[in-house]
Amino acid sequence: MAERPLQEAGGSNDIAVEVLDHTVAVRPTGEIDIETAASLRFALFEALAHASPARPVAVDCSRLTFCDSSALNALLAARRAAHESGTVIRLAAPNVQLQRLLEITGALPLFPVDRCPPATGPGPWGGRA
């Protein structure tokens with residue numbers, strides 16, 4: 001059961017953030033590049049405001065088609081903030097391109113990877129109120 005869905009992260013590439021029972025889900029879609037990375041950064045830090053060691057952030061990568069170094073920078077900045085607060089940022093269902101970006105930059109070991117995205121509950125926002 002979700003506590004509540006948060007509003008979209010803003011910008012032209014809105015990114016949903018949902019506070020669920022055991023995770024905070026960040027759900028970007030499409031391409032994350034220099035023009036849209038600010039939306040990802042905003043969403044990640046919004047998610048971290050609701051995260052804890054018992055409620056990590058899970059980035060649902062299943063709807064991403066492309067990530068560049070700007071997206072990686074946003075992920076690494078959020079990972080650093082999460083680490084300082086004792087929580088974790090997990091990547092769920094990353095595509096081959098994102099995994100390759102993480103591999104060639106040496107960042108893959110910094111993020112736990114889940115095969116499946118975090119589940120959503122019934123309701124208009126993908127979570128239960």
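For the structure itself, consult the block above.
Given the structure is predicted, the values throughout are model-derived calculations rather than measurements. (Residues numbered from 1 in each chain as written. Predicted model: local features only at pLDDT ≥ 70, side-chain atom pairs only at ≥ 80, totals over all residues. Heavy atoms only, no water.)

A. Spotlight on helix α3 (residues 96-105). Turning to α3, its buried residues number three or more, namely Leu98, Leu101 and Leu102. Axial view of α3: buried residues confined to an arc of 95 degrees, hence all on one face. For α3, the exposed residues set more than 90 degrees away from the buried face come down to Val96 and Ile104. Those residues of α3 hidden inside the fold are in contact with β6 (64-67), α2 (69-84) and β7 (89-92). One side-chain oxygen of the residue at the start of α3 lies 3.1 Å from the amide nitrogen of glutamine 97, identifying that residue as asparagine 95. Two residues or fewer past α3, glycine 106 is found with a positive phi of approximately 80 degrees. (Buried < 20%, exposed > 50% of the residue type's maximum accessible area, 1.4 Å probe, protein only. Helix = DSSP H or I, 4+ residues; strand = E, 2+ residues; numbered from the N terminus. Arc of directions from axis to C-beta. Contact = heavy atoms within 4.5 Å. Polar contact = N/O pair within 3.5 Å; in protein donor to acceptor, adjacent residues only side chain to side chain.)

B. Local environment of the side chain of threonine 36. Position of threonine 36 among the secondary structure elements: in the loop between β4 (30-32) and α1 (37-48). Among the polar contacts listed, one links the side chain of threonine 36 to the backbone oxygen of glutamate 31, at a separation of 3.1 Å.

C. Molecular detail of the pairing of strand β3 (residues 24-27). Every second residue of β3 is oriented toward a common face, with Val24 and Val26 on one face and Ala25 and Arg27 on the other, all of them buried. The pairing of strand β2 (residues 16-19) with β3 spans 4 bridges and is classified as antiparallel. Directly across from valine 19, in β3, lies its bridge partner valine 24. A loop of 4 residues connects β2 with β3, the two strands running antiparallel in sequence. The pairing of β3 with strand β5 (residues 57-60) spans 3 bridges and is classified as parallel. Of the residues in β5, the one forming a bridge with alanine 25 is alanine 58. (Pairing = 2+ DSSP bridges.)

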